[in-house]
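# Examining the three-dimensional arrangement
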Amino acid sequence: MTTKASTTSRNGKASTAVKKEVKERLTQRAIGLQIQNLSIDKVIPDPMQPRKTFNEALLQQLSESIKKHGVLQPITVRKSGKEYIIVMGERRFRASKLASKKTIPCIVRTYKNNDVLEVQIIENLQRQDVEPTEEAEAIAFLSEKYAPSEIAKRLGRSDNFIRQRLKLAGLIEGFKHFVRNGDMTISLGIGIALFEPEEQQMMLETMGEDFNVHQVNRMIKDQTFDLEKAPFDVADKKLIVKAGACNECPFNAANQGNLFGDGKMVCTKSACYESKKSKSFLNLLEKSKKENIILIPEIQKYWADEERNQLVIAQLENSGLKVYLLDDVEIIERPIEPTIEAIKKEYQHYDYSEEELKEEYNVALEKYTEELETYNSAKENGFVNGIVFHPETYRHKEVFVKIVEKSKSELTTHSAPLADRKMADCTPEEQIIKINEREIRKKQIDNNKQFEEVVEMIRDTKYIETKKTLSVDEMVAFSISLFENNVDYMSQQKYFSGLLGDTSKMTRIELIENFKKKFKKEIFHKLIRYILTKQVHFGESNHVNNLTNISFYNAMQGYYKTKIANIEKEYTERRNKREGRLKERIAVLEKQIQELND
């Protein structure tokens with residue numbers, strides 16, 4: 001054994017060469033084809049090759065490997081005149097040229113033109129580093145000949161993956177550029193590819209030269225519709241006969257590879273959706289007239305003069321229906337039965353024990369029972385069938401309604417509250433008041449939307465992955481968030497009295513500025529320590545079986561080691577006494593067993 005080992009060591013290079021020869025012979029025998037070492041100058045890339053991009057760094061790595069070990073796997077070529085065109089292995093060919101190789105091992109095969117492209121595509125798709133848009137285009141080519149399920153089998157991919165790549169192939173070139181350079185994720189690209197090329201082009205032009213992920217997300221959101229919230233039956237084939245049922249429609253994202261999540265139904269053809277929405281509303285008007293059902297738009301008198309609300313009111317009037325707004329009726333809806341899970345979710349930011357949550361659940365259950373009794377006896381108390389619908393989405397629900405009877409004084413124009421009167425019934429001074437009040441409300445709504453848009457934009461960025469130390473503003477924001485969402489009123493008074501200053505003399509924005517001026521890290525630390533004491537878990541969780549509790553227990557050792565040790569000692573003594581009694585009892589029982597066996 002020693003002699004053989006030393007011989008191998010001395011003739012290492014020869015041994016490697018022999019192994020390489022044996023490997024080549026075995027490879028040739030396995031594939032039944034002759035490997036030829038062709039001049040690298042006679043080998044050329046295929047201009048029709050679907051792969052266009054090569055990672056330079058990885059090519060350089062492969063080149064270094066080829067310098068040391070040679071080309072371990074031959075490339076496949078086809079003869080064309082005096083040259084050989086690469087079918088498979090262009091990456092190895094490029095790396096060999098970088099390594100200054102004069103020849104390259106090749107397998108020469110004969111192909112029909114269509115077969116060449118198909119082989120190249122499948123070979124490329126089986127790599128790990130395929131550029132997504134090239135992959136999508138290649139799969140789209142194969143789909144002209146094979147079904148998605150067959151392509152999935154050939155490539156070892158899921159059917160859903162293939163369907164998503166087929167959709168990505170429909171992305172226009174302008175957006176594909178953003179996918180290639182990493183600005184846009186594949187999932188976002190698929191979302192844009194849901195739209196027709198003309199619509200994509202409009203989106204691209206709207207966005208401008210710089211890619212803006214938030215703007216693109218907003219455009220997709222504005223032009224897609226969640227079918228789970230549709231005001232019509234998505235399985236209805238007769239609503240608009242030519243369009244058919246939404247659940248079978250090719251423009252339903254769920255039928256294009258679960259693009260928005262497992263089974264999520266999203267309509268990507270806005271014109272069709274709007275047509276169905278309008279038709280469903282006309283059907284609702286017809287049903288109301290035919291079955292004598294009171295139809296109530298979710299509009300209060302205060303907002304009745306809004307243009308969009310006026311359009312809905314006009315439609316009701318033109319259909320010959322008497323218009324009742326929310327202020328004109330009393331409504332009874334079917335109550336929703338509470339669950340303990342729903343109660344836990346509702347009070348998740350409160351420091352409630354299991355018993356307190358159970359108490360809240362019992363209160364909710366009692367209220368539900370009363371409301372259900374009221375609902376079941378609605379007709380006996382003068383209520384009739386009604387439908388409440390949203391004036392924009394037309395989503396609706398069946399309810400019981402009763403017209404509110406108004407006294408003569410209430411019907412008098414000037415005795416009615418200003419908010420309940422129409423503009424035409426108000427004096428010029430009152431109209432100014434109403435206009436100002438509405439503007440205040442509109443500003444509030446604008447601020448709500450603006451804030452939501454900013455937050456969504458930030459969530460789309462890599463802010464969470466930022467490696468910088470927290471700024472003072474961030475610590476202020478986190479401190480306020482902890483204070484408002486986690487510290488109950490009693491604790492605010494007990495531990496954090498005066499934290500925000502005199503709240504009666506400052507606006508909310510001024511409060512934050514004042515808090516920032518006086519902010520110290522000690523405040524931040526105090527809030528965190530408060531949260532640490534409140535976020536521990538009791539019941540079946542303790543300091544040896546729950547991560548939060550274990551980490552808290554360990555952290556407190558640095559402050560109250562002696563006190564904790566005293567408590568531990570007390571429990572250890574109790575446990576030892578209990579275990580001693582158990583041992584005595586078990587010993588007696590074991591003795592009884594022994595006696596029975598004897």
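Everything below is about the structure shown above.
This write-up is about the structure you can find in this document. As the structure is a computational prediction, the values presented were derived from the model and not from experiment.

Attention now moves to the overall build of the protein. Broken down by element type, the protein carries 23 helices and eleven strands. Across the 598 residues in the protein, those meeting the buried criterion constitute 32%. For the protein, contacts bridging at least 24 residues in sequence account for 64% of all contacts bridging at least 6. Accessible area for the protein stands at about 40300 Å²; split by element, carbon and sulfur atoms hold 52% of it.

Take the state of the cysteines next. Enumeration over the complete set of coordinates arrives at zero disulfides. Sulfur of C246: no disulfide; nearest cysteine sulfur belongs to C267 and is 6.2 Å away. Of the residues examined, C246 reaches a relative accessible area of 7% and is grouped as buried. No disulfide involves C267; its nearest neighbouring cysteine sulfur is the one of C272, lying 5.9 Å away.

Here we take up the nonpolar core. Note on soluble globular proteins: their nonpolar side chains tend to be buried together. Membership of the largest hydrophobic core comes to 20 residues, with the highest contact counts inside it found for L171, F175, M184, I192, M207 and V216. If one sorts the elements of this core by residue count, helix α10 (residues 186-193) sits on top with four residues. Excluding its chain neighbours within four sequence positions, the residues that come into contact with L171 are K176, V179, M184, G189, I192, A193 and Q200. Listed in part, the 17 residues of the second largest apolar core include V71, F93, I104 and C106.

A word on the pattern of salt bridges. This structure, assessed with the given rule, holds 18 salt bridges. One network of salt bridges, with partners in common, ties together E135, R157 and R165.

Taken N-terminus to C-terminus, the directions of helix α19 (residues 472-486) and helix α22 (residues 521-534) make an angle of 35 degrees; their axes are 10 Å apart at the nearest point. In terms of crossing hand, the pair formed by α19 and α22 is left-handed. Taken together, the residues of α22 that come into contact with α19 (itself represented by M475, F478, S479, L482, F483 and N486) are K521, F524, L527, I528, Y530 and I531. Grouping the constituent residues of the contact of α19 with α22 by class yields nine nonpolar, two polar and one charged.

Attention shifts here to helix α4 (residues 90-98). One full turn of an α-helix is made of 3.6 residues, so residues set three or four places apart face in the same direction. Those residues of α4 not exposed but buried are E90, R92, F93, A95 and S96. After α4 finishes, the residue S100 shows a positive phi value of roughly 60 degrees.

Here we come to the sheet that holds strand β10 (residues 384-389). Reading across the sheet, the four strands line up as β8-β10-β11-β9 and stay open at both edges, with mixed pairing between neighbours. Edge strands, defined here as strands with exactly one partner in the open sheet, are β8 (294-297) and β9 (329-332). Geometrically, the sheet is characterised by an average inter-axis angle of 45 degrees between neighbouring strands, direction not taken into account. Taken together, the six bridges between β10 and strand β11 (residues 396-403) define a ladder with antiparallel strand orientation. For V384, the partnering residue across the bridge sits in β11 and is V401.

In this section: the packing of aromatic side chains. If you walk through the whole model with that rule in mind, you get ten aromatic pairs. Centroid distance Y495 to Y530: 5.9 Å. Interplanar angle 55 degrees. Geometry classified as tilted. Residue Y495 is located in helix α20 (residues 489-495), and its partner Y530 is located in helix α22; the two are separated by 35 residues in the primary sequence. The exposure class assigned to Y495 is partly exposed, which follows from its relative accessible area of 37%. The buried category is assigned to Y530, whose relative accessible area is 6%. Ring centres of F515 and F519 lie 5.8 Å apart, and the angle between their planes is 55 degrees; on these two criteria the pair is classed as tilted. Under the relative-accessibility criterion, F519 is labelled buried at 12%. Through a chain of ring-to-ring contacts, the aromatic side chains of F225, F232 and Y273 assemble into a single cluster. Sitting above the plane of the F161 ring, R157 keeps its charged end 4.3 Å from the centroid. When the ring centre of F251 is taken as reference, the NZ or CZ atom of K269 above it lies at 4.6 Å.

On to a negative patch on the surface. Residues E354, E355, E356 and E359 make up a contiguous surface patch of negative charge. Summarising the element assignment, E355 is placed in helix α16 (residues 354-376).

A separate point is the environment of I86. Looking at the element boundaries, I86 is found in strand β4 (residues 83-88). In this structure I86 comes out as buried when scored by relative accessible area, which is 1%. Separated by 43 residues in sequence, I86 and V43 place their C-alpha atoms 6.9 Å apart.

What follows concerns the pairing of strand β3 (residues 75-80). Of the strand pairs in this sheet, β3 and strand β5 (residues 103-108) are connected by three bridges, and their pairing is parallel. From the neighbouring strand, I75 faces β5, where its bridge partner is C106. What sits between the antiparallel neighbours β3 and β4 is a turn of two residues, in which G81 has the positive phi angle 65 degrees.

Definitions and limits used
- Throughout this document, residue positions are counted from 1 along each chain, in the order its sequence is written.
- Only residues with pLDDT of 70 or above have their local features reported here, since the model is predicted, and side-chain atom pairs are shown and tallied only from 80 upward, although totals for entire chains, interfaces and linings are computed over all residues.
- The side-chain quantities take in all heavy atoms of the structure and omit both hydrogens and water.
- Elements are defined by DSSP. Helices are runs of H or I of four residues or more, strands are runs of E of two residues or more, and each kind is numbered from the N terminus.
- Accessibility here uses a 1.4 Å probe with only protein chains present; expressed as a share of the type maximum, an area under 20% marks a residue as buried, one over 50% as exposed, and anything in between as partly exposed.
- Contacts are assigned to residue pairs with any non-hydrogen atoms lying within 4.5 Å of each other.
- With residues, only the protein chains shown are counted as cover, and all accessible areas are computed by Shrake-Rupley using a 1.4 Å probe.
- Criterion for a disulfide: a pair of cysteine sulfur atoms at a distance within 2.5 Å.
- Throughout, nonpolar core names a set of buried Ala, Val, Leu, Ile, Met, Phe, Trp, Tyr and Cys residues whose side chains join them through atoms within 4.5 Å.
- Counted as salt bridges are all cases of a side-chain nitrogen of Lys or Arg within 4 Å of a carboxyl oxygen of Asp or Glu.
- Here, axes are lines fitted to C-alpha atoms. For helices the fit covers the stretch in contact, and angles between N-to-C directions go from 0 to 180 degrees.
- Handedness of a crossing is defined here by the sense of rotation of the near helix relative to the far one, left-handed for an anticlockwise turn of less than a right angle and right-handed for a clockwise turn.
- Each residue gets one of three labels, nonpolar for Ala, Val, Leu, Ile, Met, Phe, Trp, Tyr, Cys and Pro, charged for Asp, Glu, Lys and Arg, and polar for the others, Gly among them.
- Paired strands, in this sense, are two strands between which DSSP finds at least two bridges.
- For Phe, Tyr and Trp, rings pair up if their centres lie within 6.5 Å, where Trp contributes its six-membered ring, and each pair is then called stacked (planes under 30 degrees apart), edge-to-face (over 60) or tilted (otherwise).
- Both a distance and an angle decide whether a charge sits over a ring: NZ of Lys or CZ of Arg must be within 6 Å of the ring centre and within 35 degrees of the ring normal.
- Note that patches include only residues with greater than 30% relative accessible area and no salt bridge, and the join distances are 9 Å for like charges and 5 Å for nonpolar side chains (Val, Leu, Ile, Met, Phe, Trp, Tyr).
- His is not counted here, nor are the chain ends, while Lys and Arg score as positive and Asp and Glu score as negative.
- A charge is said to be at NZ when it belongs to Lys, at CZ for Arg, at CG for Asp and at CD for Glu.

Function-wise, these values are silent; they only describe arrangement.
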